[in-house]
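Structural description and commentary
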Amino acid sequence: MGSTFWRRRTSARFSGKTVLITGASSGIGAALAREFARQGARVILSARRLQRIESLAREINAGGGTAYAFACDVTRDRDVDSLIAAIRLHDLPIDILVANAGFAVSGKFQDLSLEDYRLQFETNVFGVLRTVRASLAALRRTRGCIVLIGSVAGHVPSPRQSAYSMSKFAVRALAQGLRGDLRGDGIAVTLVSPGYIDSDIRRTDNRGRVHASAADPAPAWLRVPTPAAARAIVAAVYRHKREQVITGHGKLLVWLYRHFPWTLYGALDRGRHLRRD
Ligand SMILES: NC(=O)c1ccc[n+]([C@@H]2O[C@H](COP(=O)([O-])OP(=O)(O)OC[C@H]3O[C@@H](n4cnc5c(N)ncnc54)[C@H](OP(=O)(O)O)[C@@H]3O)[C@@H](O)[C@H]2O)c1
């Protein structure tokens, strides 16, 4: 990212705020880190690929922002606890937690194993739970905000996506539950449900391995660039939105499925292959 990017660092909406982002090594998480930093926030980046988040932290710091990088696998209790301990050790608060780390298990029910479903839930659901639980004390101190990254698939289920869709329905249910449960603590909750965004998600296999050279099977004309998605997400957080669907096609699908689900049954029953396999 060149210096022109940082010259646009004019807004200070999040000045004085510290944002912890899981899954910041790629795609939406990395773009959110750049956008929050551009809007004045201090960002704490975490993911399993330490080199990538360290390099992003260097880029943000070189541009005049403040970023820290800590490795963390959200499927491991100890990693998440160590992440929060490291944040405390650096005397950093958490004003905004973005639970973004995730991937998509794809395939027909009969071709998937229970282990595939378990891994999907371990990352997308228990990974989120672990991160929220470990951050709770820090969020209580700041009366902060939790941002859960769900998906349009958490509103609209489809064939070949049952594992992913179930996990994102769970995230959506969690957002609603947390909102009420944490109201007394002054902690706000925003659920973000993206449609197709440019990232590595559709290049990642069911074991979580990225195939960098694979083409993204989602139609190019539908995919929203990550910086634009990040701007929309950060704007929703700033406005304390309860829920935000990102992308025009995503909004249309969610609306149709909520109000006129029968219009989608034909297309949904046929399903689409949205991954290299
Ligand atoms: N892009 C889309 O079209 C789309 C649509 C709807 C929802 N989403 C959601 O957006 C979120 C971000 O995905 P993305 O599209 O930006 O995909 P991505 O480019 O593949 O990024 C996924 C991120 O999650 C991290 N991650 C995966 N498993 C992890 C684990 N066990 N522990 C810690 N970090 C882990 C990865 O980092 P490491 O591999 O370095 O750990 C990476 O930074 C996901 O929750 C996804 O479900 C994406």
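So, here is what we can say about the structure in this document. (Residues numbered from 1 in each chain as written. Predicted model: local features only at pLDDT ≥ 70, side-chain atom pairs only at ≥ 80, totals over all residues. Heavy atoms only, no water.)

Below, the discussion takes up the site of the ligand. Taken together, 30 residues lie around the ligand, and Ser25, Ser26, Arg48, Tyr164 and Ser199 are the ones closest in. In this structure, Arg49 approaches the ligand through a side-chain N or O atom, which is 2.8 Å from an oxygen atom. At 3.0 Å from an oxygen atom of the ligand is found a side-chain nitrogen or oxygen belonging to Lys168. Compared with its free state, where it exposes 880 Å², the ligand has 96% of that area covered by protein. Elements represented by at least two residues in the shell around the ligand include exactly helix H2 (27–38) and helix H7 (162–181). The class makeup of the residues in the shell around the ligand is twelve nonpolar, twelve polar and six charged. (Near = heavy atom within 4 Å. Polar contact = N/O pair within 3.5 Å; in protein donor to acceptor, adjacent residues only side chain to side chain. Areas by Shrake-Rupley, 256 points an atom, 1.4 Å probe, with all protein chains shown as cover. Helix = DSSP H or I, 4+ residues; strand = E, 2+ residues; numbered from the N terminus. Nonpolar A, V, L, I, M, F, W, Y, C, P; charged D, E, K, R; others polar.)

What follows deals with the pairing of strand S3 (residues 66–71). Alignment of strand S2 (residues 42–47) against S3, held across six bridges, turns out to be parallel. What sits directly across from Ala47, in S3, is Ala71. Crossover S2 to S3 through helix H3 (residues 50–62) is right-handed. (Pairing = 2+ DSSP bridges. Right-handed = clockwise from strand over helix to strand, strands pointing away.)

We now examine the packing of aromatic side chains. Two measures describe an aromatic ring pair: the distance that separates the ring centres and the angle between the ring planes. Using the criterion set out here, one finds five aromatic pairs in the structure. Judged by centre distance (5.1 Å) and plane angle (85°), the rings of Phe14 and Phe36 are edge-to-face. Taken together, the residues span a long stretch of sequence, with Phe14 in the loop between helix H1 (3–7) and strand S1 (18–22) and Phe36 in helix H2 at a distance of 22 residues. Phe14 gets classed as buried once you look at its relative accessible area, which sits at 5%. Of the residues examined, Phe36 reaches a relative accessible area of 0% and is grouped as buried. Considering the side-chain rings of Phe14 and Tyr238, the 5.9 Å spacing of their centres and the 70° angle between planes classify their relative orientation as edge-to-face. With Phe14 in the loop between H1 and S1 and Tyr238 in helix H8 (residues 226–238), this residue pair connects regions lying 224 residues apart in the sequence. Tyr238 sits in the partly exposed class, given a relative accessible area of 39%. Aromatic rings pair up to connect Phe14, Phe36 and Tyr238 into one cluster. (Phe/Tyr/Trp six-rings, centres within 6.5 Å; stacked < 30°, edge-to-face > 60°. Buried < 20%, exposed > 50% of the residue type's maximum accessible area, 1.4 Å probe, protein only.)

On to H3. For H3, built from 13 residues, the straight-helix expectation of 18 Å at 1.5 Å per residue is met to within 8% by its first-to-last C-alpha distance of 18 Å. Turning to H3, its buried residues number three or more, namely Ile53, Leu56, Ala57, Glu59 and Ile60. The buried residues of H3 occupy an angular sector of 160° when projected down its axis, which confines them to one face. Across from the buried face of H3, at angles greater than 90 degrees, the exposed residues are Gln51, Arg58 and Ala62. Count one or two residues on from H3 and you reach Gly64, which has phi positive near 100°. (Expected span 1.5 Å × (residues − 1). Arc of directions from axis to C-beta.)

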